[in-house]
Amino acid sequence: MNLVFFGPPGAGKGTQAERIGEAYKIPQLSTGDMLRAAVAAKTDIGLQVKDIMARGDLVSDDIVVGTIGERIAAKDCAGGFILDGFPRNVAQAEALDVMLAAKSLQLDGVIEFAVKTDILLERILKRVAESADNRREDDKPEALQYRLRVYEAETAPVAKFYARKGILKTLDGMQEIDAVTADIKVFLATL
Ligand code: AMP
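Throughout what follows, the structure given in this document is the object of discussion. (Residues numbered from 1 in each chain as written. Predicted model: local features only at pLDDT ≥ 70, side-chain atom pairs only at ≥ 80, totals over all residues. Heavy atoms only, no water.)

Thoughts on the site of the ligand
Our working definition: If a single non-hydrogen atom of a residue is within 4 Å of a molecule or strand, that residue counts as near it. Under the rule applied, a polar contact is a pair of N or O atoms within 3.5 Å (in protein, one hydrogen donor and one hydrogen acceptor; residues adjacent in sequence only if both atoms are side-chain atoms). Reported accessibility uses the Shrake-Rupley method at a 1.4 Å probe radius. Residues are deemed covered only where the shown protein chains occlude them. Under the DSSP-based scheme used, a helix requires at least four consecutive residues in state H or I and a strand at least two consecutive residues in state E, with every element numbered from the N terminus.
T31, R36, D57, G85 and Q92 are the nearest of the 16 residues found near the ligand. Take R36: an N or O atom from its side chain is 2.9 Å from an oxygen atom of the ligand. For the ligand, whose free accessible area comes to 480 Å², the fraction covered by protein is 96%. If one sorts the elements of the shell around the ligand by residue count, helix α2 (residues 31–40) sits on top with four residues.

Spelled out as structure tokens, the structure:
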């Protein structure tokens with residue numbers, strides 16, 4: 001099963017991708033995690049993206065498309081994968097289609113987690129409060145507001161791209177975590 005989990009910062013896609021990845025034995029591929037690891041390891045890419053990420057902007061398509069392309073080619077993705085945080089604009093979605101087609105693969109489903117903005121803000125502020133020592137630069141209030149604007153401008157149109165292909169499923173991401181997981185499983189059973 002090749003899946004995309006899609007939604008604004010704080011929508012819960014990372015939490016759900018981890019749960020579903022474990023349940024279905026497929027890896028969760030988070031571009032945010034990969035980029036944070038590159039920043040921590042001070043690789044060339046890490047040095048290039050550090051400031052961009054801290055202010056909440058998107059890093060270049062070349063970097064993320066290249067990173068995901070290599071990752072999808074790895075052996076552990078042979079049985080499927082969950083993309084978490086990618087694609088984040090229509091150009092990335094198109095590049096993903098090309099990469100998958102080259103391997104005779106396609107996406108089976110795109111799950112969108114719908115959450116109202118005030119709830120997103122509440123959740124991320126809670127994340128900040130709970131991880132005071134290990135705070136993400138981009139969870140600071142100014143960067144967070146900016147990330148939400150970037151989401152609306154660049155990422156939200158990706159939902160229409162997949163809706164047109166008939167593979168978008170929008171779920172209520174404001175429910176309890178277990179209820180969202182249950183909804184995802186019901187959807188996956190239809191694939
Ligand atoms: P996330 O952990 O998914 O919220 O991502 C954290 C940050 O990493 C984002 O705010 C971007 O700066 C960068 N990032 C992650 N995924 C992408 C992507 N697909 N395209 C561009 N930038 C990304």
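Overview of the pattern of salt bridges
The condition that has to hold: Any carboxyl oxygen of Asp or Glu that lies within 4 Å of a side-chain nitrogen of Lys or Arg is treated as forming a salt bridge with it. Burial here depends on accessible area, computed with a 1.4 Å probe over protein chains only, as a share of the maximum for the residue type. Under 20% is buried, over 50% is exposed, and the range in between is partly exposed.
All told, the structure shown has seven salt bridges when counted by the stated rule. D178 is paired through a salt bridge with R19; the nearest N and O atoms lie 2.8 Å apart. Here R19 lies in helix α1 (residues 13–24) and D178 lies in helix α9 (residues 177–189), a separation of 159 residues in the sequence. Between D138 and R147 there is a salt bridge, with the nearest N and O atoms lying 3.7 Å from each other. Overall, R147 belongs to the buried group, its relative accessible area being 9%.

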